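Analysis of the macromolecular model
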Amino acid sequence: MTERPNVLLITTDQQRYDTLACHGNTQVATPHFDALAARGTDFRHGYIQNPVCVPSRACIQTGRYVFQHGVEYMENVIGNTPGLPPWEPTLAERLHDVGYRTAGFGKIHMMPPRGYDELQLTMGKGARWRDAEGSPLGPAQLGPNYAAWLEAKRPGAYESIYAQRRTPEFATERGALPNVLAADECVDHWIADNTCEFLARDHTDPFFLWTGFCGPHGPFDPPEPYASRYDPDTLTLSDLAWASQSGLETEIAHQFPGAQGEALLRRMTALYWGMVSYLDDQIGRISEVLTRQGLWENTIVIFTADHGEMLGDFGRTGKASFLESVIRVPYLMSVPTGRPGQRIDDLVEQIDLAPTVLDLVGLPHPPALPGRSLRLLLEGSPVPEDWHRPVLCEFTSNDRQHRSKCLRTTDRKYVFHDAGRAPELYDLAADPGELHNVAADPAYAAELAELQTVLLDRLTAGVPNDWTTGTAARAVEELDDFGRPQKLPDKLISSG
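Reference entry: report on the structure contained in this document. Owing to the predicted nature of the structure, the values given are computational and were not obtained by experimental measurement. (Residues numbered from 1 in each chain as written. Predicted model: local features only at pLDDT ≥ 70, side-chain atom pairs only at ≥ 80, totals over all residues. Heavy atoms only, no water.)

Some thoughts on the pairing of strand E13 (residues 403–408)
Applied cut-off: Three labels apply to residues, based on accessible area from a 1.4 Å probe with only protein chains included: buried if under 20% of the type maximum, exposed if over 50%, partly exposed otherwise in between. What counts as a helix is a DSSP run of H or I of at least four residues, what counts as a strand is a run of E of at least two, and both are numbered from the N terminus. Strands were regarded as paired on the criterion that DSSP finds at least two bridges between them.
Of all six residues in E13, five are buried, a share of seventy percent or more. For strand E12 (residues 391–396) and E13, the ladder comprises six bridges, and the chain directions are antiparallel. Note that in E13 the partner of Phe395 across the bridge is Ser404. Taking the residues that link successive antiparallel strands as the turn, the E12-E13 hairpin has six residues, and the phi of Arg400 there is positive, at about 60°. Between E13 and strand E14 (residues 412–417), which pair antiparallel in sequence order, lie three residues.

Rendered as structure tokens:
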């Protein structure tokens, strides 16, 4: 057994907080997620820092806000999206520097990945990709590593994924169809395979492993028997599916009008839940190996998602929103020194993951990380009164024409929009569904002004970079008088 604890970070893509049975969903079976929550701590108000994949994952990787690390948006052509600056150390690099064996499997969306000894990566499911090769959007999202594995398993299977996406039915059903692959051929099974094989090794050094599942991100296409597990006609849709928001500058059209629209939303929801149950079984496979190898006693296990999914709330699907269904995600942690079965209602952020892991493995908290260690909460100890603070979430549109910032307090949500667009304010205590924007209500004028000040203070707080320490020092050859890199080594420039 290694002296320092191992770290297993498991992420899913576009998974809502309310998809788990342990979070009150009575229509979805998630026994393995629920078991992980019972084994450790369930942070029931865990929030992301950006409602889009790449920027959100950059926050997880660095432990820093979007305005600090600079990865603020995604290009429509994913490969053109700017990666992390080389002077931004990642959690993998910090752990690698002290002797951890590091590995990444599946979708981690670090472009390019840094700090890993071993990688088996895919970019993601990406319903927009309709061709296995030659897409104008860039390389097909599932990519060569998974393609080679699948082709060896069943020749022609990889092309069948994209052939389905070119059918009229795929367009009509918005990708909500049973997968053409068998359950043991899908990309998330491959990711779990890699994870289980890695965990089953005889490790002499502590390890950091990031397992990044691609689901339940769209297209909503679970394999059988998961595609048939939930009956669209009998499931109960959220009340927010038929709700609308008042007090907004622009009314957003409902995407599911009439009986035909409701039927489509029901199919999409049933298949989305099927994908969650499919992922739950992959968690079960991983948990079994952790048990068989005796790893629970010396492994920090973290599960979260990069963002949620509207799934019909206010008649919309997707992400890129500050709605609770998008920015609130599952956030489960099992640590060797933790108290099992805890449910914590404090607001926590994903930038808290990096300082928490560093604290638990015995490393100091770098000054550049604005997050807080969750160790006291994990171990059942009280936190100082000044520990509590609002959540900060940021969003920049793909074309960089619009930027927005969000503060989520215990009972308020404030959204600032640039370019003179009207702000948003929701009284979550009285209006948990975010139905009424009260920013223009004189009764909330004082609160609005206070939240504006808090946001400005958060965005201008002095948090240094790690430009002169550790991995970052090796990334920067020379700094100018302002501490900025003047020249980067050729190797780093070519590798991103």
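Some words on the pairing of E14
In terms of residue burial, E14 counts as a mostly covered element, since five of its six residues are buried. Bridge count for E13 against E14 is five bridges, and the pairing is antiparallel. By the bridge assignment for E14, Arg408 is matched with Lys413. Sheet topology places E14 next to strand E15 (residues 424–427); four bridges connect them, and they run antiparallel. Across the sheet, Arg412 pairs through a bridge with Asp427, a residue of E15.

Quick look at the environment of Ser381
Examined against the element boundaries, Ser381 turns out to sit in the loop between helix H12 (375–378) and E12. A residue is classified by how much of its surface remains accessible, and Ser381, at 28% relative accessible area, is partly exposed. Here the alpha-carbon distance between Ser381 and Leu323, two residues 58 residues apart in the chain, equals 31 Å.

Considerations on the sheet that holds strand E5 (residues 118–121)
As a reminder of what qualifies: Angular values range over 0 to 180 degrees, each being the angle between N-to-C directions of two axes fitted as lines to C-alpha atoms, with helices fitted over their stretch in contact. Residues count as neighbours in contact if any of their non-hydrogen atoms are within 4.5 Å of one another.
With mixed pairing, eight strands are arranged side by side in an open sheet as E5-E4-E6-E1-E7-E9-E2-E10. Whereas interior strands pair on both sides, the edge strands pair on one side only; in this sheet they are E5 and strand E10 (342–344). The sheet shows a mean angle of 10° between the axes of neighbouring strands, direction not considered. The sheet contact formed by strand E7 (residues 299–305) and strand E9 (residues 331–334) spans four bridges and is antiparallel. Along E9, the bridge assignment pairs Val301 with Ser334. The sheet strands contacting helix H1 (residues 31–39) are strand E2 (41–43), E7 and E9, and the helix crosses E9 at an angle near 55°.

Focus on the sheet that holds strand E3 (residues 46–47)
Taken in spatial order, the three strands make up an open sheet running E8-E3-E11, and their pairing is mixed. Looking along the sheet, the strands with just one partner apiece sit at the ends: strand E8 (328–329) and strand E11 (348–349). Alignment of E3 against E11, held across two bridges, turns out to be parallel. Paired with Tyr47 across the bridge in E11 is Glu349.

Considering the environment of Ala147
Tracing the sequence through the fold places Ala147 in helix H5 (residues 143–153). Between the C-alpha atom of Ala147 and that of Glu159, which follows or precedes it by twelve residues, the distance is 8.9 Å.

Brief notes about H5
The condition is simple: In this context, the arc is that of the directions from the helix axis out to the C-beta atoms.
Every buried residue of H5 is listed here: Gly143, Tyr146, Ala147 and Leu150. One side of H5 holds all its buried residues, which, seen down the axis, span an arc of 100°. Facing away from the buried side of H5, by more than 90 degrees, are the exposed residues Pro144 and Ala152. Residues of H5 that are buried make contact with helix H6 (157–165) and helix H8 (187–199).

Details of unusual backbone geometry
Of note, the amide linkage connecting Gly218 to Pro219 takes the cis form, showing an omega dihedral of 5°. As for its position among the elements, Pro219 is in the loop between strand E6 (207–216) and helix H9 (258–292). Residue Pro225 is bonded to the preceding Glu224 through a cis peptide linkage, with omega at 5°. Note that Pro225 resides in the loop between E6 and H9. Despite not being glycine, Arg400 shows a phi value in the positive range, around 60°. With respect to the helices and strands, Arg400 occurs in the loop between E12 and E13.

Some thoughts on empty space enclosed by the protein
Here the idea is plain: a probe the size of a water molecule rolls over the atoms and shows the empty space left. Basically, it comes down to this: Put plainly, a pocket is an open set of points on a 1 Å grid over the protein atoms alone with protein on both sides within 12 Å along at least five of seven lines, a cavity is a set where a 1.4 Å probe fits but cannot get out, and a lining residue has an atom within 4 Å of a point. Grid points are joined across faces, edges and corners, and a volume is the space filled by probe spheres set on the points. In this classification, the charged set is Asp, Glu, Lys and Arg, the nonpolar set is Ala, Val, Leu, Ile, Met, Phe, Trp, Tyr, Cys and Pro, and all remaining amino acids, among them Gly, are polar.
All chains considered together, the criterion is met by five cavities of 30 Å³ or more. Taken together, 17 residues form the lining of the largest cavity, with Lys125, Asn179, Cys186, Val187 and Asp221 sitting closest to its centre. Every element with two or more residues in the lining of the largest cavity is listed here: H6, H8 and H9. With three residues, H9 is the single largest residue contributor to the lining of the largest cavity. For the lining of the largest cavity, a count of residues per class yields eleven nonpolar, two polar and four charged. Roughly 50 Å³ of volume is contained in the second largest cavity. Every residue along the wall of the second largest cavity is listed here: Leu9, Ile60, Gln61, Thr90, Leu91, Ala92, Met110, Tyr116, Phe208 and Trp210. Of all the secondary structure elements, the ones that give two or more residues to the lining of the second largest cavity are helix H2 (53–62), helix H4 (91–96) and E6.

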